[in-house]
Amino acid sequence: METAATRSKKPNAKPAKLGRDVQARLGQQLRAMYDDVVNQGVPDRFSELINRLESDEKKDGQ
Amino acid sequence: MMPMDESVRKAVLAAVPSLRAFAISLCGNVDRADDLVQETLLRALANIDSFQPGTNMSAWLFTILRNHFRSEYRKRRREVEDSDGHHAESLKSQPDQYGHVEFREFREALAQLPSDQREALILVGASGFSYEEAAGICGCAVGTIKSRVNRARTRLAELLHVNSAEDFGPDETTRAVLASGGE
């Protein structure tokens, strides 16, 4: 079965130079996707982890 | 171990959202990515004495995450998936893992890039690192990063069937790309 993955496998052709407009739009998409995760902030799991480690250290230090 | 400096704690916490976004782009899976971030934080905090104050905390954490991913996760992934193609296929069947379906097509295309190119593109194009910082994180030459980023952009445009900005359509960019590129 042909899939997007197999269809896209071409030998390494010399890359054509992308127009600035295309690069800009790809960049926007990439950042939008990335920022979608960034905007979720710090999940409790990680703030709790860091706070817990910090209190362990305080105990160790005393 | 020395008590953690408040400014260090803040800098680590501030880097977490971007670390997660980077990890998700590497792993292609939110749960695995969060485990990777957790392991990265534990390693970083255990070795916090080797962080040089005044240098970029975010770049330091990205380096740890990237190296850990390289050594552990890729090994594990190879056991169940033998190519980036399978990786991409597995993404298609689990769009909900990303929370937002709208980036699914773009993520699928990104997942088909060779991992060297993908990480270079994310670091420079999304995480906001300079070419020099990205080279430091990946342990390679600046020119290598530049070339990987260029190849990644070209490949991405091919995969999304984009030849000009018009192909993106005015609004729902990825959907328009697929509509114009779909066979």
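Cut-offs and rules
- Counting of residues starts from 1 at the beginning of each chain's written sequence and follows it residue by residue.
- Chains and ligands are labelled sequentially in the order written, the chains with letters from A and the ligands with numbers from 1.
- Side-chain atom pairs in this predicted model are given and counted only at pLDDT of 80 or more, local residue features only at pLDDT of at least 70, and totals for whole chains, interfaces and linings cover all residues.
- Only hydrogens and water are set aside; all other atoms, that is, all heavy atoms of the structure, feed into the side-chain values.
- Helix and strand assignments come from DSSP, with helices taken as H or I runs of at least 4 residues and strands as E runs of at least 2, each series counted from the N terminus.
- Where accessible areas are quoted, they stem from the Shrake-Rupley method and a 1.4 Å probe; at the residue level, only the protein chains shown are allowed to cover.
- The classification of residues rests on relative accessible area computed with a 1.4 Å probe and restricted to protein chains. Under 20% of the type maximum is buried, over 50% is exposed, and intermediate values are partly exposed.
- Each Phe, Tyr or Trp ring, with Trp reduced to its six-membered ring, pairs with another whose centre is within 6.5 Å; inter-plane angles below 30 degrees give stacked pairs, above 60 give edge-to-face pairs, and intermediate values give tilted ones.
- The axes are straight lines fitted to the C-alpha atoms, using for helices just the contacting stretch, and the angles between their N-to-C directions are given from 0 to 180°.
- We call two directions roughly parallel when the angle between them is under 35 degrees, roughly antiparallel when it is over 145, roughly perpendicular when it lies between 65 and 115, and oblique otherwise.
- Take the far helix as your reference; a near helix turned counterclockwise from it by less than a right angle gives a left-handed crossing, and one turned clockwise gives a right-handed crossing.
- The contact criterion used throughout is that any non-hydrogen atoms of two residues lie within 4.5 Å.
- Residues are grouped as follows: nonpolar covers Ala, Val, Leu, Ile, Met, Phe, Trp, Tyr, Cys and Pro; charged covers Asp, Glu, Lys and Arg; every other residue, Gly included, is treated as polar.

(A) Up close: the overall build of chain B. Tallying secondary structure elements over chain B gives 9 helices and 0 strands in all. Going residue by residue from the N terminus, the α and β elements of chain B occur as α-α-α-α-α-α-α-α-α. For chain B, the accessible surface area stands at approximately 8,300 Å², while carbon and sulfur atoms represent 49% of it.

(B) Layout of the environment of Gly 28 of chain B. Residue and element names in this part refer to chain B. Tracing the backbone shows Gly 28 in the loop between helix 1 (6–27) and helix 2 (30–46). For Gly 28, a relative accessible area of 10% corresponds to the buried category. Along the chain, Gly 28 and Arg 9 lie 19 residues apart, while their C-alpha atoms are 28 Å from each other.

(C) Seen up close, the packing of aromatic side chains. Residue and element names in this part refer to chain B. Taken as a whole and assessed by the stated rule, the structure comprises 3 aromatic pairs over all chains. For the ring pair Phe 51 and Trp 60, a centre distance of 5.3 Å and an interplane angle of 55 degrees mean the geometry is tilted. An aromatic cluster of three or more residues is present, and its members are Phe 22, Phe 62 and Phe 129.

(D) Summary view of the packing of helix 1 of chain B against helix 6 (residues 115–125) of chain B. All names here are of chain B. In contact at an axis separation of 10 Å, helix 1 and helix 6 are set at 160 degrees when each is read in the N-to-C sense. On the basis of their axis angle, the class for helix 1 and helix 6 is roughly antiparallel. In this structure, the crossing between helix 1 and helix 6 has a hand that is right-handed. Two secondary-structure elements touch here, helix 1 through Phe 22, Ser 25 and Leu 26 and helix 6 through Arg 118, Glu 119, Ile 122 and Leu 123. Taken together, the residues that form the contact of helix 1 with helix 6 break down as 4 nonpolar, 1 polar and 2 charged.

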